[in-house]
Amino acid sequence: MDTKDGTAGEIERRILAALPVRTADETPRVDVAIEGSHVVLRGDVHNWDDHATAGRIAAAAPGIHSVDNQLSLFVKGKISTP
């Protein structure tokens, strides 16, 4: 779904570009859903810094006023939710 000034795909690309890739099977997975000026982030990242970075990038996107960061932490093959 598009916002006035950007798209979910654009926000997703910005987030993934900012997060480090460790190995091919440990690539962060981030799904971005936008409803009006609200973003929901789902998927998994490797640490709390990546979790916070994704939230900041989404919040900084034009037209976005709130972010629900539901990203989980992926640690050595296990997923942990915050």
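Every value quoted in this text rests on a predicted model; they were computed, and no experiment measured them. (Residues numbered from 1 in each chain as written. Predicted model: local features only at pLDDT ≥ 70, side-chain atom pairs only at ≥ 80, totals over all residues. Heavy atoms only, no water.)

**With respect to the overall build of the protein chain**
Inclusion rule: For the purposes of this entry, the term helix denotes a DSSP run of H or I that reaches at least four residues, the term strand denotes a run of E that reaches at least two, and both are numbered from the N terminus. With a 1.4 Å probe rolled over the protein chains alone, any residue whose accessible area is under 20% of its type maximum counts as buried; one over 50% counts as exposed, and the rest are partly exposed. Throughout, a residue-residue contact means that at least one pair of heavy atoms, one from each residue, lies within 4.5 Å. Residue-level accessible areas treat just the shown protein chains as cover; the underlying method is Shrake-Rupley with a 1.4 Å probe.
In terms of regular secondary structure, the protein chain is built from two helices and five strands. When the elements of the protein chain are put in sequence order from the N terminus, they spell out α-β-β-α-β-β-β. For the protein chain, the residues scored as buried account for 35% of the 82 residues in total. Pairs at least 24 apart in sequence give 56% of the contacts found in the protein chain among residues at least 6 apart. Of the accessible surface of the protein chain, which amounts to about 4900 Å², a share of 52% is contributed by carbon and sulfur atoms.

**With respect to the environment of glycine 43**
Topologically, glycine 43 is positioned in strand β2 (residues 38-45). Spatially, the C-alpha atoms of glycine 43 and leucine 73 are 8.6 Å apart, while their sequence positions differ by 30 residues. Discounting residues that sit within four places of it in the chain, glycine 43 has contacts with Arg29, Gln70, Leu71 and Ser72.

**Digging into helix α1 (residues 8-18)**
Filter applied, for reference: Each C-beta atom gives one direction from the helix axis, and the arc is the one those directions make.
What α1 keeps buried is the set Ala8, Ile11 and Ile15. Down the axis of α1, the smallest arc covering the buried residues is 70°, so these residues share one side. Facing away from the buried side of α1 by more than 90 degrees, the exposed set consists of Arg13 and Ala17. Where the residues of α1 are buried, they touch β1 (29-35), β2 and α2 (48-60).

**Observations regarding the confidence of the model for the protein chain**
Here is the rule we go by: In predicted models, pLDDT denotes the confidence assigned by the predictor to each residue on a 0 to 100 scale.
Summarising the model, the protein chain shows a mean pLDDT of 82, and 78% of its residues fall at 70 or more. Of all the helices and strands in the protein chain, strand β5 (residues 78-80) carries the lowest mean pLDDT, 60, while strand β3 (residues 66-69) carries the highest, 96. Low pLDDT, under 50, characterises residues 1-5; the predicted model gives this stretch eleven contacts beyond four residues in sequence or across chains.

**A look at the pattern of salt bridges**
Defined as follows: Salt bridge criterion: a side-chain nitrogen from Lys or Arg within 4 Å of a carboxyl oxygen from Asp or Glu.
The full count for this structure, using the stated rule, is three salt bridges. The shortest N-O distance in the salt bridge between aspartate 31 and arginine 29 comes to 2.9 Å. Here arginine 29 falls in the partly exposed class, since its relative accessible area comes to 42%. Sharing partners across several salt bridges, the network here consists of Arg29, Asp31 and Asp44.

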